[in-house]
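# A structural walkthrough
Residues per chain, in single letters:
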Amino acid sequence: MNKNHSIGDAALTTSGAPKKSLLKRLNKPLASLKLAVVIIIAIAAITAVGTIIESKYDAYAAKKWVYDTWFMYTIMIVLAINLIGVMVDRWPWKKRHASFVLAHIGILFLLAGAVITAKFGLDGSMRVGIGDQNNFVQTADTDLVVYSSFDGDRYSKTYESEVDFFVKPPTAQKSLDIPVVEGAIKVVDYKKYVLPAKKVIADESGKAGAGLRFQIQNPNVNVIEWLVQRKANALAIHDFGPARINLGPIPAEGLGKNEIYLNPEKDGVRYAVFYKESKKPGKKGFLKEGEVFDPGFKMSMDFRVLRYLPSAVEDWDLQELEHPTPLTTSAIKILFEGKEHWVLLNDMVKLFTNQAVYLLTYGNRRIDIGFPVKLKKFEVDRYQGTMRAMAYKSVVEVPELGEHLISMNEPLKYKGLTVYQASFQEENGQPVASIFSVNADPGRFLKYMGSLIMSLGIVLLMWFKHLDFKIAKKSGDKK
């Protein structure tokens, strides 16, 4: 007998049965049918749990709690090992193994494509206002960034880190500490789903900008709003259509609009009223909390100062919910110099000390796609007699490509990215921005190859079955 066996060659045991090689004996547990059944049951169970969580919460929760977890990755790795093990077990392959081998290789290609896309792909959204352009995609990943300033104007980034509080929320005992000159900013709590309600409180440091709660009222209009300056001498604006209210320095000339400027002082605000017919102020005066005056616009109305804070900051009242809604967001609680602050997702908070000002932002990651997308035109078709959108489309302009129409079934494909029409944003019943879904799928080629190879294997399997049937039929006819 030739002692130079190949991997699959088998010697004979003392009982006369073929003796399996060492590799095949070691590979046997990995290629077992029982393992395959366990894997299939595990994938079915995980998928069922993921579907339930997605229906109860949302796709992001299902991703974080089920699909993007160590046990999901483990079962996928075991699946790949089992597929390879089964193919090794059949070595040396024969002609009739072609369908079986191709089907298994196809699945491995699909798994590899999915891993590459998960690792290096992009899945985010982009908002572009009508007439504006944008080249940043916002993803679901979250970052925490801290800027520092020692003069209140020039900020420099002193801390930036990716955070995943959805899976690993901070606590008072296990806080995330961000070192700063005066100690540390501590992130001590996280809420997944909250309904926020804005409130304005007095800033005890006295270094923040002013806050003004005002009311504009006539028989047809009743507007009550807060204006809060981001910093002293900054301009905070509320435009309600017929007029614009500005909290900040009074300019020498107006913009040709109906405007009220309110310049903060210690005990109240000094005001100036501009009319669209003239650039010079038509009225001037001083208002304290509770006082009312008539700006003198053609549409008669009263302007009342409901609350005035020379130094104010915005904060939030939060209602925690168990499940997400279109109005909920996430929030983190930070602790700095003995004071607590809630920061909503994609919002910021200013922290004042005697030496510096810190600006902490908590938001979704923004990725530069390398080219701007300009929204030239947006159209929406609605169901007759309603405001419900039936279809919508965007005409965008991209450098080196020119104008391109993006509709709900016609995406833009450019430089490895696919830009889909996802939704739109409107104000007062009119669209103001288009929302695009931007995806990059670097594993797509492997997925296509895997699907093709697996389909070829299925076709060969059917052909071999047909061939076996014909051979069996001929044998039967001869007998």
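To keep things clear, this report deals only with the structure shown in the data block. Numbering of residues begins from 1 in every chain and follows the order in which that chain's sequence is written. Residue-level local features of this predicted model are given only where pLDDT is at least 70; pairs of side-chain atoms are given and counted only at 80 or more, and the full residue set underlies all totals for whole chains, interfaces and linings. The side-chain figures draw on all heavy atoms in the structure; neither hydrogens nor water molecules are used.

Right, let's get into the overall build of the protein chain. Helix and strand counts for the protein chain come out as six helices and 26 strands. For 479 residues, the compact-globule formula gives about 23 Å, and the C-alpha radius of gyration of the protein chain, at 33 Å, lies well above that figure. With the C-alpha coordinates aligned to their principal axes, the bounding extent of the protein chain is approximately 115 × 55 × 40 Å. Working definition: with a 1.4 Å probe on protein chains only, accessible area under 20% of the residue-type maximum means buried, over 50% means exposed, and in between means partly exposed. Residues counted as buried form 37% of the 479 residues belonging to the protein chain. Here a residue-residue contact requires only that any non-hydrogen atoms of the pair lie within 4.5 Å. Within the protein chain, contacts between residues separated by at least 24 positions form 52% of all contacts whose residues are at least 6 apart in sequence. Working definition: helices are DSSP H or I runs of at least four residues, strands are E runs of at least two. Numbering for both runs from the N terminus. It is over C-alpha atoms that the radius of gyration is taken, and the globule rule equals 2.2 Å times the number of residues to the power 0.38.

Turning next to the sheet that holds strand β10 (residues 236-239). Sheet architecture is open: five strands sit in the order β10-β11-β12-β13-β14, paired in mixed fashion. Only two strands of the sheet have a single neighbouring strand rather than two, namely β10 and β14 (278-287). Each neighbouring strand pair of the sheet contributes to a mean axis angle of 20°, computed without reference to strand direction. Think of it this way: DSSP has to see at least two bridges between two strands before they count as a pair. In the sheet, β10 pairs with strand β11 (residues 244-247) via four bridges, with the strands oriented antiparallel. Looking at β11, one finds that H238 is bridged to I245. Between N-to-C directions, angles span 0 to 180 degrees; the directions come from axes that are lines fitted to C-alpha atoms, helices contributing only their stretch in contact.

Tracing the sequence through the fold places T117 in helix α5 (residues 98-120). Its relative accessible area of 18% is what places T117 among the buried residues. Residue contacts for T117: discarding those within four places in its chain leaves A440, D441, P442, G443, R444 and K447.

Among the surface-exposed residues, L30, I77 and I81 lie close enough to one another that they form a single nonpolar patch of about 250 Å² accessible area. As for its position among the elements, I81 is in helix α4 (residues 70-89). Judged by relative accessible area, which is 38%, I81 ranks as partly exposed. Patches in this entry comprise residues that are over 30% relatively accessible and not in a salt bridge; like charges within 9 Å are linked, as are nonpolar side chains (Val, Leu, Ile, Met, Phe, Trp, Tyr) within 5 Å. To be clear on the numbers: accessible area is Shrake-Rupley with a 1.4 Å probe, and residue cover counts the displayed protein chains and nothing else. Each salt bridge in this description consists of a side-chain nitrogen of Lys or Arg and a carboxyl oxygen of Asp or Glu lying within 4 Å of one another.

Here the focus is α5. A helix is expected to span 1.5 Å multiplied by its residue count minus one. Look at α5: 32 Å from first C-alpha to last across 23 residues, which is about the 33 Å you get at 1.5 Å a residue. Within α5 the residues assigned to the buried category are S99, F100, V101, A103, H104, G106, L111, G113 and T117.

All right, on to the sheet that holds strand β9 (residues 222-228) then. Judged by pairing direction, the sheet is antiparallel, and its four strands sit side by side in the order β9-β8-β16-β15 without closing on themselves. Because the sheet does not close on itself, it has two edges, and the strands there are β9 and β15 (292-293). Bridge count for β15 against strand β16 (residues 302-309) is two bridges, and the pairing is antiparallel. Pairing of V292 across the sheet is with R304, part of β16.

Attention shifts here to unusual backbone geometry. Cis geometry marks the peptide bond from W91 to P92, where omega comes out at -5°. In this structure, E337 takes a positive phi of about 50° despite not being glycine. When you line up the elements, E337 lands in the loop between β18 (329-336) and β19 (339-344).

Burial analysis of β18 places seven of its eight residues in the buried class, the great majority of the element. Here six bridges tie strand β7 (residues 183-202) to β18, and the two strands are oriented antiparallel to one another. Following the sheet pairing, Y190 is matched in β18 by I332. Across six bridges, β18 lies against β19 in antiparallel orientation. Looking at the pairing, L335 lines up with E340 of β19. Between β18 and β19, which follow one another and run antiparallel, lie two residues, and E337 among them has a positive phi close to 50°.

Before going further, it helps to examine the pattern of salt bridges. If the charged atoms of two oppositely charged side chains come close together, the side chains can form a pair. Going through the model one piece at a time under the given rule, you end up with 24 salt bridges. Its salt-bridge partner being E403, residue K376 comes within 4.0 Å of it at the nearest N-O pair. A residue pair is termed long-range when its members are at least 10 positions apart, and K376 in strand β21 (residues 357-382) and E403 in strand β23 (residues 402-407) qualify at 27 residues. Since its relative accessible area comes to 38%, K376 is described here as partly exposed. With a closest N to O distance of 3.8 Å, D441 and R444 form a salt bridge. Overlapping salt bridges, with partners in common, bring together D141, D143, E162 and R365 in one network.

Each aromatic pair joins two rings of Phe, Tyr and Trp (for Trp, the six-membered one) with centres within 6.5 Å, and gets the label stacked for planes under 30 degrees apart, edge-to-face for over 60, and tilted for any other angle. A full pass over the atoms with the stated rule returns 19 aromatic pairs. Look at F165 and Y190: their rings are 5.9 Å apart centre to centre, the planes differ by 45°, and that puts the pair in the tilted class. With a gap of 25 residues between them, F165 in the loop between β5 (156-163) and β6 (176-180) and Y190 in strand β7 connect regions that are remote in the sequence. Summarising the burial analysis for this pair, F165 and Y190 share the class buried. An angle of 85° between the planes, with centres 4.9 Å apart, marks the rings of F371 and Y414 as edge-to-face. On the criterion of sequence distance, the pair formed by F371 in strand β21 and Y414 in strand β24 (residues 412-414) is long-range, its members being 43 residues apart. Of the aromatic side chains, those joined through ring pairs into one cluster are Y57, Y60, W65, F166 and Y193.

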